[in-house]
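Summary of structural features
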Amino acid sequence: MTDKKEAPPKRPQCAFFIYKQEVYQQVKDAHPGKKMTDITKIISEQYKQLPKDKIDQYEQKYKDSKAIFEKEKKAYEDKFGKIKNERKKKKEDGKVTKKAPKKQKKQESDEDESGSDDD
């Protein structure tokens with residue numbers, strides 16, 4: 001019998017994202033028609049304006065989540081081994097040779113133009 005490898009635990013959200021998750025729908029409703037990026041900017045400004053004690057509450061929620069994550073991570077690694085960084089793997093698999101920079105193409109066209117004046 002082989003143990004089917006389960007998904008590793010997900011990292012906890014930082015304090016700002018915990019706040020964003022709580023207020024996103026309210027801000028979205030208050031600003032209909034705004035793009036998600038604009039809503040995020042509004043939430044970011046609100047977060048920066050929060051009193052220190054409120055920010056500390058979100059930081060504490062993050063720390064609590066992180067402690068739980070560390071326990072789950074240790075249990076996972078004890079059972080299945082070290083968690084592989086999937087981001088790195090995807091990045092390495094997706095390597096593509098880069099095209100010549102545009103500047104080089106422009107230099108070639110400038111050389112063509114300057115070469116035609118010599119005739």
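Preceding this section is the structure that the text describes.
Residues numbered from 1 in each chain as written. Predicted model: local features only at pLDDT ≥ 70, side-chain atom pairs only at ≥ 80, totals over all residues. Heavy atoms only, no water.

Description of helix H3 (residues 52-80)
For H3, built from 29 residues, the straight-helix expectation of 42 Å at 1.5 Å per residue is met to within 8% by its first-to-last C-alpha distance of 41 Å. When we look at burial in H3, the residues that qualify are Ile-55, Tyr-58, Phe-69, Tyr-76 and Phe-80. Taken together, the buried residues of H3 touch helix H1 (15-30) and helix H2 (36-49). After H3 finishes, the residue Gly-81 shows a positive phi value of roughly 95 degrees. (Helix = DSSP H or I, 4+ residues; strand = E, 2+ residues; numbered from the N terminus. Expected span 1.5 Å × (residues − 1). Buried < 20%, exposed > 50% of the residue type's maximum accessible area, 1.4 Å probe, protein only. Contact = heavy atoms within 4.5 Å.)

Observations concerning the pattern of salt bridges
Applying the stated criterion across every chain yields a total of four salt bridges. For the salt bridge of Glu-45 with Lys-48, the shortest nitrogen-to-oxygen distance reads 3.7 Å. Taken together, the positions of Glu-45 and Lys-48, both in helix H2 and three residues apart, correspond to about one turn of that helix. The shortest N-O distance in the salt bridge between Asp-56 and Lys-52 comes to 3.1 Å. (Salt bridge = Lys/Arg side-chain N within 4 Å of Asp/Glu carboxyl O.)

Regarding the packing of aromatic side chains
Evaluated as defined, the whole model comprises five aromatic pairs. Ring centres of Tyr-76 and Phe-80 lie 5.0 Å apart, and the angle between their planes is 45 degrees; this geometry places the pair in the tilted category. Note that Tyr-76 and Phe-80 are positioned in helix H3 at a spacing of four residues, about one turn of the helix. With respect to burial, Tyr-76 and Phe-80 carry one shared label: buried. An aromatic cluster is built from Phe-16, Phe-17, Tyr-19, Tyr-47 and Tyr-58, whose rings are joined through pairwise contacts. (Phe/Tyr/Trp six-rings, centres within 6.5 Å; stacked < 30°, edge-to-face > 60°.)

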